[in-house]
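Per-entry structural report
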Amino acid sequence: MQHAAPAENIPDSQNWHDETAVLHGDAWLAADTSVTPPIHYSTTFRADSANAFAEMANTPRHPGFYTRYGNPVHQRVEAILASLEGTEAALLTASGMGAISTTILALVERGDHVIAQQRHYMSTSKLFEEVLPRFGVESTIVDQTDLDAMAAAIRPNTRLIMVETPVNPTLSLTDLQAVAQLARPKGIITVADNTFASPLNQQPHALGIDIVLHSATKYFGGHHDITAGAVCCSKAHAEKIWSMHTTLGSVLSPMDAWLLLRGLRTLPLRLERINANALALAQWLETQPQIERVFYPGLESHPQHDLARRQMRGFGAVIAFSVKGGFEATSRFVSSLRLATHAVSLGGVETLAVHTAAMWAGTMNEAQMAAAGIEPNFVRMSVGVEHIDDLKADMARALNAPA
Ligand SMILES: *Cc1c(COP(=O)(O)O)cnc(C)c1O
């Protein structure tokens, strides 16, 4: 992969592979001799003179002035994330939603028009459909698999297009290069939520997307123990978004930034196993008589498998499938899992599974769920790094659980 962020004083660092970049891509920022980075648990940072203070206070994104503005641990994580996504810069936030809302609010103004997908992470949909209109920004929601609809939605005042791929509930894809080609000649900013893929499996920026967003809660942290978010983009966009960030204040704690840094060290190793496990499990599920249908971009049966192969290198942790026998049978299956943990989220070392319809039962009625594409017998699973045979054995036992 291309590494745009320079590890300035290390020869060959721009040619490093991801495995090396996650371990050494921040070494040039080391302020002392400790091999493992220190946690800079300090809200504020000292200046040695009035001049030095003035410089600290007036340098955008200074990593050692005040922690809402920046922190040395944040800076090290940002160097690695920019390297992985192939962007000039990155900005850490306290959650994925912090990254998404801060980015969008930094870029739009009253009177602007924006385009977003029919399917998005639920809180992202809420931002576009409910929050932005309150501030005089109009949204058009389009089916992301229909590029003609996307093109037709563009207006003279369209400011940005938000995409996300793969996306819940059926892991449908958005053609990133095609969206970038629609937007770029018109000066429209493109923003992609790359959480479900990770930069190791998919690099939106290399396909022409301007700004890449992440819930770092997922693969980057990788251990289901922090919430964090990230924005990867040009230096100019990063400064603009950072300026809004200092106002909205979605600031990650130095401890969580350090845990994120530790998580990133093993990201390529974890993802290699996750990609392999998820593909093997999806293929195996397709052969099980109790399963109606499996959704995974890596399967030949996925309706956009060609696009998946064109824009992804691996297909990620999340698989969705429908169990024969409706809501009750699905509920029984999920309750019978012993190895796979019954919990939301994705991209961590442990396998997690949820009965999607049960998750939304409190906030959506049946008609709303149908509109959102959520069938009563859907299971969403985030495959972890356990041994594949143990995962299959757990699933096989749960599929055969007596009624
Ligand atoms: C989890 C997730 C988010 C939100 O991230 P948080 O860290 O929970 O705020 C946004 N987009 C996608 C695709 C996600 O999976």
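The shown structure was predicted, so the numbers you read here are calculated from the model rather than taken from an experiment.

**A word on the domain arrangement of the protein chain**
Domain assignment breaks the protein chain into domain 1 (2-265) and domain 2 (267-399). Here the C-alpha centroids of domain 1 and domain 2 sit 27 Å apart. Taken together, the 36 residues of domain 1 in the interface contact 38 residues of domain 2. Contact between domain 1 and domain 2 buries roughly 3000 Å² in total, counting both sides, with carbon and sulfur atoms accounting for 60%. Broken down residue by residue, the surface that domain 1 buries against domain 2 is led by N201, Y219 and H224, which jointly contribute 24%. Between domain 1 and domain 2 we count 2 salt bridges in total.

**Here we look at the site of the ligand**
Inspection of the region around the ligand gives 14 residues, with G96, D193, S215, T217 and K218 positioned closest. D193 has a polar side-chain atom sitting 2.7 Å from a nitrogen atom of the ligand. In the environment of the ligand, an oxygen atom lies 2.6 Å from a nitrogen or oxygen atom belonging to the side chain of T217. Relative to its free-state accessible area of 380 Å², the ligand is covered by the protein chains to the extent of 91%. Here the shell around the ligand takes 3 residues from helix α4 (residues 96-107), the largest share from any one element.

**Concerning the sheet that holds strand β10 (residues 341-342)**
Strands sit in the order β8-β9-β12-β11-β10 across an open sheet of 5 strands; the sheet is mixed. Single-partner strands in this sheet number two, and they are β8 (291-295) and β10. One ladder, built from 4 bridges, connects strand β11 (residues 352-355) with strand β12 (residues 378-382); its direction is antiparallel. Bridge assignment links V354 to a residue of β12, and that residue is R380.

**Here's the deal with the state of the cysteines**
One pass over the structure, following the stated rule, counts 0 disulfides. This cysteine, C233, is not joined by any disulfide, and C232 carries the nearest cysteine sulfur, 7.4 Å off.

**Side note on the environment of H17**
Following the sequence through the fold, H17 ends up in the segment before α1 (18-24). Residues H17 and G384 lie 367 residues apart in sequence; the distance between their C-alpha atoms is 23 Å.

**Topic: the pairing of strand β9 (residues 318-323)**
Among the 6 residues that make up β9, 6 are buried, leaving the element largely enclosed by the rest of the structure. For β8 and β9, the ladder comprises 4 bridges, and the chain directions are antiparallel. Opposite R293, over in β9, you have S322 as the bridge partner. As defined by bridge partners, β9 adjoins β12 across 5 bridges and the pair is classed as antiparallel. Paired with V318 across the bridge in β12 is S382.

**Digging into the packing of aromatic side chains**
Taken as a whole and assessed by the stated rule, the structure comprises 7 aromatic pairs. When the ring of Y69 is compared with that of W242, the centres are 5.8 Å apart and the planes differ by 75°; the resulting orientation is edge-to-face. Taken together, the residues span a long stretch of sequence, with Y69 in the loop between α2 (50-58) and α3 (72-85) and W242 in helix α8 (residues 235-248) at a distance of 173 residues. Residue W242 is classed as buried on the basis of its relative accessible area, which comes to 11%. For the ring pair F295 and F378, a centre distance of 5.4 Å and an interplane angle of 70° mean the geometry is edge-to-face. Taken together, the residues span a long stretch of sequence, with F295 in strand β8 and F378 in strand β12 at a distance of 83 residues. Just as F295 is buried, F378 falls in that class too. Here a set of aromatic residues connected by ring pairs shows up, and it is made of F53, F65, Y66, Y69 and W242.

**A word on the nonpolar core**
Among the nonpolar cores identified, the biggest contains 35 residues, and L81, L84, L92, L260 and L264 are the most heavily contacted of them. If you list the elements that add at least two residues to this core, you get α3, β1 (89-93), β7 (229-233), α9 (254-265), α10 (267-286) and β9. Looking at this core, you find at least three residues from each of domain 1 (2-265) and domain 2 (267-399). Contacts of L92, omitting those with residues within four sequence positions, involve H74, V77, E78, L81, G229, A230, H245, L252, A257 and L260. Counting 32 residues, the second largest nonpolar core, distinct from the first, contains A278, A282, L299 and L399.

The rules behind the values
- Residues numbered from 1 in each chain as written.
- Predicted model: local features only at pLDDT ≥ 70, side-chain atom pairs only at ≥ 80, totals over all residues.
- Heavy atoms only, no water.
- Domains from an automatic or database assignment.
- Contact = heavy atoms within 4.5 Å.
- Buried area = accessible area lost by both parts, 1.4 Å probe.
- Salt bridge = Lys/Arg side-chain N within 4 Å of Asp/Glu carboxyl O.
- Near = heavy atom within 4 Å.
- Polar contact = N/O pair within 3.5 Å; in protein donor to acceptor, adjacent residues only side chain to side chain.
- Areas by Shrake-Rupley, 256 points an atom, 1.4 Å probe, with all protein chains shown as cover.
- Helix = DSSP H or I, 4+ residues; strand = E, 2+ residues; numbered from the N terminus.
- Pairing = 2+ DSSP bridges.
- Disulfide = S-S within 2.5 Å.
- Buried < 20%, exposed > 50% of the residue type's maximum accessible area, 1.4 Å probe, protein only.
- Phe/Tyr/Trp six-rings, centres within 6.5 Å; stacked < 30°, edge-to-face > 60°.
- Core = buried A, V, L, I, M, F, W, Y, C linked by side-chain atoms within 4.5 Å.

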